[in-house]
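Residue-level structural notes
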Amino acid sequence: MTHLKNSFPTEPVQAQFPPALIFGTGKRATLPETLKNWGSANVAVVAADVLKESVGEMTRAIRSAGIEVRIVYCQPAEPRMKDFVHVCEELGEPFPDTVIGIGGGS
């Protein structure tokens, strides 16, 4: 997989579970504040392509909080390694400090 060498972040990637799971009616509106509290500055949203309208609303709210957002749409299914590679290639550098997965197997 030599062709992927430049697609992955140059620094080690650390995955951690969020300090909170927030869900329920109206909770999406709290996302910008939550991201700011976590210190997120560069967010990637990976979402099923059928959710573009909802993702658009959410990302506008995040951007209005001064947080950079990039979106990668994919097919709604359980992600496979090729899907992970696609997302990394789409995001490029700088690699996000926070990834939000929405829909399907995100």
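Here the structure is shown first, and the text comes after it.
The structure displayed is predicted, hence computed values, not measured ones.

The rules behind these values
Residues numbered from 1 in each chain as written. Predicted model: local features only at pLDDT ≥ 70, side-chain atom pairs only at ≥ 80, totals over all residues. Heavy atoms only, no water. Phe/Tyr/Trp six-rings, centres within 6.5 Å; stacked < 30°, edge-to-face > 60°. Lys NZ or Arg CZ within 6 Å of the ring centre and 35° of its normal. Helix = DSSP H or I, 4+ residues; strand = E, 2+ residues; numbered from the N terminus. Polar contact = N/O pair within 3.5 Å; in protein donor to acceptor, adjacent residues only side chain to side chain. Contact = heavy atoms within 4.5 Å. Pairing = 2+ DSSP bridges. Axes fitted to C-alpha atoms, helices over the stretch in contact; angles between N-to-C directions.

1. Description of the packing of aromatic side chains
This model, assessed by the stated rule, comprises 0 aromatic pairs. Seen from the ring of Tyr73, Lys52 lies directly overhead, with NZ or CZ sitting 5.0 Å from the centre.

2. Thoughts on the side chain of Ser40
Relative to the helices and strands, Ser40 is located in the loop between α1 (31-38) and β1 (42-48). A polar atom in the side chain of Ser40 sits 2.6 Å from the side chain of Thr98. Ignoring sequence-local partners within four residues, the contact set of Ser40 consists of Leu35, Ile67, Asp97 and Thr98.

3. Considering the sheet that holds strand β2 (residues 68-74)
With parallel pairing, the 3 strands of this open sheet are ordered in space as β2-β1-β3. Looking at the sheet topology across the chains shown, the edges are occupied by β2 and β3 (98-102). Across the sheet, the mean angle from the axis of one strand to that of its neighbour is 20°, orientation sign disregarded. Across 7 bridges, the pairing between β1 and β2 is parallel. Along β2, the bridge assignment pairs Val46 with Val72. Docked against the sheet, helix α2 (residues 52-64) engages β1, β2 and β3, running at close to 165° with respect to β2. The strands that helix α3 (residues 81-91) touches are β1 and β2; relative to β2, the one it contacts most, it runs at about 145°.

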